[in-house]
Amino acid sequence: MYTAHPDRYADLPYRRTGRSGLKLPAISLGLWHNFGPADRTVETQRAILRRAFDLGVTHFDLANNYGPPPGAAELAFGEALGDDFARYRDELVISTKAGYLMWPGPYGEWGSRKYLLSSLDQSLTRMGLDYVDIFYSHRPDPETPLEETMGALHSAVQQGKALYVGISNYSAEQTREAARILGELGTPLLIHQPRYSMLDRRPEDEGLLDALDELQVGSIVFSPLEQGLLTARYLDGIPEDSRAASDSPFLNSDAVTEDLVGRLRALDEIAKGRGQTLAQLALAWVLRGGRVTSALVGASSPQQIEDSVATTRNLDFDAEELARIDAIVRP
């Protein structure tokens, strides 16, 4: 039987999520492509989860469509939860989302009340839970009134199926309106989950981070490593076993240009000067200054989660380092 490390809360910092009472670890574990698929052994998946929790990673982030196939990650996590983590449930923050395609027909995706609440019930069944800590609208629905989508999130809280609610992939304007609607309903918007990295500055450029600051809403960023680009894997081009080599819809070989590889090598030199890997530099950069509550990472091995957590030993940047990074990324 798994027993968690007694010193699991000794080192990893926790950050308050907006103006709520909830604190999240600076590094959270996302169960996107590494949990559920047949090519990932159960033993490896369990080892990653156990090592993460032993290091103080209390937040596990899922969605209804994670796998593949959709639902597989929640099923795999539910089994691990029952076998290893049931007695630690009150120490965990478990989140899930709904918004992308899950079943055929007009009620199987987007932001209707029918879809969101049905999907949440299915997610709870797959994970063997009575409630999740955070339930997200995974993407804005261009056809459903925002009042209906936010009303469904509010209902999830009222029904005791979620403690908090969040949104993902919403613009700054949509975020302000979602927060207004939820505030009037009495269920505050807890958190936003945007894509953000050294290479993808849209949350800065489009005013989303400013909106979250104004609203006192937390943020947890996905793809801080840009699908693996901001790691050592692409410093010498495209490895045969990499995501880019497979022409994944999330990263294809055309994106890995000679110019980009040169920039990655220059960033790696900055990382070495800080005593970090390129991946650790990228995580530290999104966590700098405290504007971001937590960075979501994936892991295909326990060592990867160890390396990510080690990032938090050095989250400080001086003005010269930040200027050098910007000069490389935004010449």
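Notes on the structure follow. Predicted, not measured: the structure shown is a model, and the values here were computed from it. (Residues numbered from 1 in each chain as written. Predicted model: local features only at pLDDT ≥ 70, side-chain atom pairs only at ≥ 80, totals over all residues. Heavy atoms only, no water.)

**Quick word on helix α5 (residues 172–185)**
Counted at 1.5 Å a residue, the expected span for α5 with its 14 residues is 20 Å, and the 20 Å between its end C-alpha atoms agrees. When we look at burial in α5, the residues that qualify are Ala172, Thr175, Ala178, Ala179, Ile181 and Leu182. Looking at the buried side of α5, the elements it contacts are α4 (146–158), β7 (162–168), β8 (189–193) and α7 (208–215). (Helix = DSSP H or I, 4+ residues; strand = E, 2+ residues; numbered from the N terminus. Expected span 1.5 Å × (residues − 1). Buried < 20%, exposed > 50% of the residue type's maximum accessible area, 1.4 Å probe, protein only. Contact = heavy atoms within 4.5 Å.)

**Structural notes on the pairing of strand β3 (residues 27–30)**
Looking along a regular strand, one sees the side chains alternate between the two faces of the sheet. Alternating positions in β3 separate into two faces, Ile27 and Leu29 on one and Ser28 and Gly30 on the other, with burial throughout. With three bridges connecting them, β3 and strand β10 (residues 294–297) associate as parallel partners. Its bridge partner lying in β10, Ser28 is registered against Leu296. Where β3 meets strand β4 (residues 59–61), two bridges bridge the pair, whose relative direction is parallel. Its bridge partner being in β4, Gly30 is matched across the sheet by Asp61. (Pairing = 2+ DSSP bridges.)

**Examining the pattern of salt bridges**
Here the structure, examined in full by the defined rule, presents 26 salt bridges. For Arg291, the salt bridge is made with Asp210, and the minimal N-O distance between the two is 2.9 Å. One end of the pair, Arg291, is in the loop between α9 (278–287) and β10; the other, Asp210, is in helix α7, with 81 residues separating them in the sequence. What makes Arg291 partly exposed here is its relative accessible area of 37%. Shared partners join several salt bridges into a network, and the residues in it are Arg195, Asp200, Arg202 and Glu226. (Salt bridge = Lys/Arg side-chain N within 4 Å of Asp/Glu carboxyl O.)

The quantities given are spatial measurements derived from coordinates; they are silent on function.
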